[in-house]
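# Structural characterization, general
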Amino acid sequence: MESIRDVMKNIQPSKAQQEAFQKTRQSILSHPKVAAFLEEHKDTITPELIDNSLSKLNEFVKESNKLERGEMGANPGFAPVLFFNMNYIDVDYIATDIYYQEKERKEKENLIDNHTMSLDVRNATLSTYDLNSSIRVQLMEEIIDFLATFRKDKHLARGLFIHGPFGVGKTYLMGALANELVSKDHASVNVLHYPTFINDLKGTFADNSTQDVINATKTVDVLILDDIGAESNSQWVRDDVLNPILEFRMKESLPTFFTSNFGPKDLEVHLAMTKSTNDQLKSKRVMERVYYLAKPVLFEGEDRRRKAWN
């Protein structure tokens, strides 16, 4: 590698250029981190080695200054360090806390699919869940019991079928649970607004990815089907989408949660009815899987969304 000294010799710098070079050189060598490195290795560093290394030392100074100013460097998330590389001083880059924080954030992001949820649900936490009623306390106790069992053996952890009127906080609680599972247990969680999921699934017909989406939904560590019963039911939705998902999760004992405005009996009626048939047998078969996977809990209370609007 050609040093700055060699370059300067070849181009025969003027006096002004030489002065500028010496000023830049002194600025680089006086940088606190450079000066500390040179002092630490003073027994092995020679003037020639320093001149051979000026371009790298200059890179180190520029990148260090950017980070000190809070700016993004050439290698975001990494900080420069000096080291000896054969006969000159070189620059390496090591991961910073920011890098590891961003890495953890991306890993968590990959563990959870909650894109169909509202922003407040995506940001929900158990610590901020309001416990101002007996049913809310009961539900929190159910969630705590679930987490304790899940952490011992996820296959022994039974989900909940939380049903009740609009706006009481069913979905928010599920969002908080999902975030807890991802952040504390590194579990893969899919929080699906079920009617939106069904509509989106119809859009996969064009590229023949329908079965891939269903298979991915089947296998996550924890599945949360929000607002089940609000979808437009059909034989295909019930028999080719919902039933296979629940059948797989029942056989594999994978935790599954549901929220609904329908109680279990009303959901059974909803699942039986399609445009052309009233198939109670197939509806009962689906509900058997729901009962196996989840404990029904009635969640009553005031409509918080309406209260917020008033």
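The text that follows walks through the structure, step by step, so that each part is easy to find. (Residues numbered from 1 in each chain as written. Predicted model: local features only at pLDDT ≥ 70, side-chain atom pairs only at ≥ 80, totals over all residues. Heavy atoms only, no water.)

As a rule of thumb, soluble globular proteins bury nonpolar side chains together. Judged by nonpolar contacts, the single largest core of 32 residues is most densely connected at Ile 143, Phe 146, Leu 181, Val 189 and Phe 257. Elements represented by at least two residues in this core include exactly α8 (134-152), β4 (159-163), α9 (170-185), β5 (189-193) and β6 (222-226). Excluding its chain neighbours within four sequence positions, the residues that come into contact with Phe 257 are Ile 143, Phe 146, Gly 159, Leu 160, Met 174, Leu 177, Val 222, Leu 223, Ile 224 and Leu 225. By size, the runner-up hydrophobic cluster in this structure holds 24 residues, among which are Ile 198, Val 241, Leu 271 and Val 286. (Core = buried A, V, L, I, M, F, W, Y, C linked by side-chain atoms within 4.5 Å. Buried < 20%, exposed > 50% of the residue type's maximum accessible area, 1.4 Å probe, protein only. Helix = DSSP H or I, 4+ residues; strand = E, 2+ residues; numbered from the N terminus. Contact = heavy atoms within 4.5 Å.)

Below, the discussion takes up helix α2 (residues 15-29). Under the 1.5 Å per step criterion, the end-to-end length of α2 is 21 Å for 15 residues, consistent within 8% with the ideal 21 Å. Along α2, the residues classified as buried are Phe 21, Arg 25, Ile 28 and Leu 29. Projected down its long axis, α2 carries its buried residues within an arc of 90°, all on one side. Those residues of α2 that are exposed and angled more than 90 degrees off the buried face are Lys 15, Ala 16, Lys 23 and Gln 26. (Expected span 1.5 Å × (residues − 1). Arc of directions from axis to C-beta.)

We note that Asn 208 has phi near 60°; this positive angle belongs to a residue other than glycine. The residue Asn 208 is located in the loop between α10 (194-202) and α11 (210-219) in this model. One non-glycine residue, Asp 227, lies in the positive phi region at around 65°. Note that Asp 227 resides in the loop between β6 and α12 (235-252).

Counting buried positions along β5 gives four out of five residues, so the element sits mostly inside the fold. Judged from the two bridges that link them, strand β3 (residues 112-113) and β5 form a sheet pairing that is parallel. What sits directly across from Asp 113, in β5, is Asn 190. (Pairing = 2+ DSSP bridges.)

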